[in-house]
Amino acid sequence: MAKIVSAKEAVDLIKDNATVMIGGFLSCGTPDKLIDELVEKNIKNLTMISNDTSVPNTDKGKLIANKQVKKLITSHIGTNPETGKQMASGEIEVELTPMGTLMERIRAKGAGLGGILTPTGIGTTIQEGKDIVEVKGKKYIFEQPIDADFALIYGTKADKYGNVTYCGTTRNCNTVMATAADTVIVQADEIVDCLDPNEVIIPGLFIDYIVLNTDNQG
């Protein structure tokens, strides 16, 4: 059974130099209250794995603006000029990965796989320094799995057992990230006693802590 804690209690588990996955596509399905606690606590030298860095001073963008991230593994940074600025100045190390490849590398970790083979990036700078594998005459890049110390994810609704469900596209990359971190913390808009099994999208066995988003309580 997952433990229900406050955002502060959850983030107190995270220390400097941690590797943290953060769910969401821009601000859709992003655990903003957990991010705010990371900013408040000013945890430094994070390795952040996320689809994007949002926009300046919004959710994930706050971590960039506050210079709490030393390394970033992501798919795009174009919506946040501050990320590009820090990348150009050498203040932050950025590993840009095609979106599908990023999600599959995370999924590979969750599935216990040793990596994935993808044709995406063949003939480009993406393949530099990586092993190339040929299968039936076609070349693939070998990409290693991605894991993390923590995954901070969003859920529309969770039950006390840790099962999580979603409304619409808010699930995005939250579902795969829940499988690939040592400790998984979900920020839920609502907590109920028990979800209908037909609603469950992330099984509770992946969830360690639940944080209620009190902004959504009337």
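What counts as what
- Going along each chain's sequence as written, the residues are numbered from 1 onward.
- In keeping with the predicted nature of the model, local features appear solely for residues at pLDDT of at least 70, side-chain atom pairs appear and are counted solely at 80 or more, and the whole-chain, interface and lining totals rest on all residues.
- Calculation of side-chain values draws on the structure's entire complement of heavy atoms; hydrogens and water are dropped beforehand.
- Aromatic rings from Phe, Tyr and Trp, taking only the six-membered ring of Trp, are treated as a pair when their centres fall within 6.5 Å; an angle between ring planes under 30 degrees marks them as stacked, one over 60 as edge-to-face, and anything in between as tilted.
- Here a helix means four or more residues in a row that DSSP labels H or I, a strand means two or more in a row labelled E, and each is numbered from the N terminus.
- With a 1.4 Å probe rolled over the protein chains alone, any residue whose accessible area is under 20% of its type maximum counts as buried; one over 50% counts as exposed, and the rest are partly exposed.
- Every residue pair with non-hydrogen atoms within 4.5 Å of one another is taken to be in contact.
- Polar contacts here mean pairs of N or O atoms no more than 3.5 Å apart (in protein, one a potential hydrogen donor and the other a potential acceptor; neighbouring residues in sequence count only if both atoms are side-chain atoms).
- Here, a salt bridge means any Lys or Arg side-chain nitrogen found within 4 Å of an Asp or Glu carboxyl oxygen.

**Describing the packing of aromatic side chains**
Phase 1 of the analysis: In total, this model carries one aromatic pair according to the counting rule given.
Phase 2 of the analysis: Note on Tyr154 and Tyr166: the rings are 6.3 Å apart at their centroids and 55° apart in plane angle, and the pair reads as tilted. With a gap of 12 residues between them, Tyr154 in strand E9 (residues 148-159) and Tyr166 in the loop between strand E10 (164-165) and helix H6 (174-177) connect regions that are remote in the sequence.

**Quick notes on the side chain of Thr97**
Phase 1 of the analysis: Structurally, Thr97 can be placed in the loop between strand E5 (93-96) and helix H5 (99-111).
Phase 2 of the analysis: For Thr97, a relative accessible area of 4% translates into the label buried.
Phase 3 of the analysis: Once residues within four sequence positions are removed from consideration, Thr97 is found in contact with Ile73, Thr74, Ser75, Leu102 and Arg105.

**With respect to unusual backbone geometry**
If a residue is not glycine, its phi is most likely negative; likewise, a peptide bond is most likely trans.
Phase 1 of the analysis: Not every positive phi belongs to a glycine, and Asn17 is a case in point at roughly 75°.
Phase 2 of the analysis: Judged by its relative accessible area of 46%, Asn17 is partly exposed.

**Comments concerning helix H4 (residues 81-89)**
Phase 1 of the analysis: Its side-chain oxygen 3.1 Å from the backbone nitrogen of Glu82, Asn80 forms the N-cap of H4.
Phase 2 of the analysis: Directly beyond the C-terminal end of H4, a positive phi value near 85° is found at Gly90.

**Some remarks on the pattern of salt bridges**
Phase 1 of the analysis: As enumerated under the stated definition, the model contains 13 salt bridges in all.
Phase 2 of the analysis: A salt bridge links Asp52 to Lys60; its shortest N-O distance comes to 2.9 Å. The two residues Asp52 and Lys60 agree in class, both being buried.
Phase 3 of the analysis: Note that Lys67 is salt-bridged to Glu91, the shortest N-O span being 2.8 Å. Here Lys67 is found in the loop between helix H3 (60-65) and strand E4 (69-74), whereas its partner Glu91 is found in the loop between H4 and E5, with 24 residues between them in sequence.
Phase 4 of the analysis: Since its relative accessible area comes to 44%, Lys67 is described here as partly exposed.
Phase 5 of the analysis: Under the relative-accessibility criterion, Glu91 is labelled partly exposed at 40%.
Phase 6 of the analysis: One network of salt bridges, in which partners are shared, links Glu95, Arg105, Lys130 and Glu143.

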